Amino acid sequence: RGLPAAPGLCPRRGCREAAALRAMGFSEEQVQRFLGLQPQLSPQVREAAAAQLLLLGLSAEAALTLLERSPELLRMRKQRLQERADELRRLGLDGGKVARRRGHAGDT
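In this report, the structure presented in the accompanying data block is examined. Everything quoted here is computed from the prediction, not taken from an experiment.

What counts, and at which threshold
Residues numbered from 1 in each chain as written. Predicted model: local features only at pLDDT ≥ 70, side-chain atom pairs only at ≥ 80, totals over all residues. Heavy atoms only, no water. Salt bridge = Lys/Arg side-chain N within 4 Å of Asp/Glu carboxyl O. Helix = DSSP H or I, 4+ residues; strand = E, 2+ residues; numbered from the N terminus. Buried < 20%, exposed > 50% of the residue type's maximum accessible area, 1.4 Å probe, protein only. Phe/Tyr/Trp six-rings, centres within 6.5 Å; stacked < 30°, edge-to-face > 60°. Axes fitted to C-alpha atoms, helices over the stretch in contact; angles between N-to-C directions. Parallel < 35°, antiparallel > 145°, perpendicular 65-115°, else oblique. Contact = heavy atoms within 4.5 Å. Nonpolar A, V, L, I, M, F, W, Y, C, P; charged D, E, K, R; others polar. Expected span 1.5 Å × (residues − 1).

### A few points about the pattern of salt bridges
Part 1 of the reasoning: Evaluated as defined, the whole model comprises eight salt bridges.
Part 2 of the reasoning: Between R80 and E83 there is a salt bridge, with the nearest N and O atoms lying 3.6 Å from each other. Taken together, the positions of R80 and E83, both in helix α7 (residues 78-90) and three residues apart, correspond to about one turn of that helix.
Part 3 of the reasoning: A relative accessible area of 34% places R80 in the partly exposed class.
Part 4 of the reasoning: With relative accessibility at 37%, the residue E83 sits in the partly exposed group.

Quick look at the structure:
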């Protein structure tokens, strides 16, 4: 038997998008916040943006916060967002390294 869907998510946005976000590691609270971002965009566009940020090594919370602060990332073409993410990876930058660097900067 599968997990029950969170109340209010299915009728409003569809269980499929919420389930995909949970599978990516977003909590129920984060899923609700995410579903409120750019509701006019298709779920596929929104999921692709989240996936690219997670592939950079960002946590679900960091990715969501970034999308909340920079909603234009959700409107960026999937190919363009992927190119930018690839460039960051090529330069050796990923979410884990950024988080570690911030932690070290506060230690000094």
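### A short note on the packing of aromatic side chains
Part 1 of the reasoning: Overall, the coordinates contain one aromatic pair when judged by the stated rule.
Part 2 of the reasoning: A centroid spacing of 5.8 Å and a plane angle of 45° characterise the contact between F26 and F34, whose relative ring orientation is tilted.

### Some details on the packing of helix α4 (residues 43-55) against α7
Part 1 of the reasoning: Packing of α4 against α7 brings their axes to within 10 Å, and their N-to-C directions diverge by 5°. Relative to α7, the element α4 lies roughly parallel. On the side of α4, the interface is formed by A48, A49, Q52 and L55, while α7 contributes K78, L81, Q82, A85 and R89.
Part 2 of the reasoning: Across the contact of α4 with α7, the residue classes tally to five nonpolar, two polar and two charged.

### Side note on α7
Part 1 of the reasoning: Its 13 residues give α7 an end-to-end C-alpha distance of 18 Å, which sits within 8% of 18 Å, the value for a rise of 1.5 Å per residue.
Part 2 of the reasoning: Following α7 by one or two positions, G92 has its phi on the positive side, about 85°.

### Focus on α4
Three or four residues apart is the spacing at which side chains of an α-helix point the same way, because the helix has 3.6 residues per turn.
Part 1 of the reasoning: Between the first and last C-alpha of α4 there are 18 Å, a value that for 13 residues agrees with the 18 Å anticipated at 1.5 Å per step.
Part 2 of the reasoning: Listed as buried for α4 are R46, A48, A49, A50, Q52, L53 and L54.
Part 3 of the reasoning: Looking one or two residues beyond α4, the residue adopting positive phi is G57, at roughly 100°.

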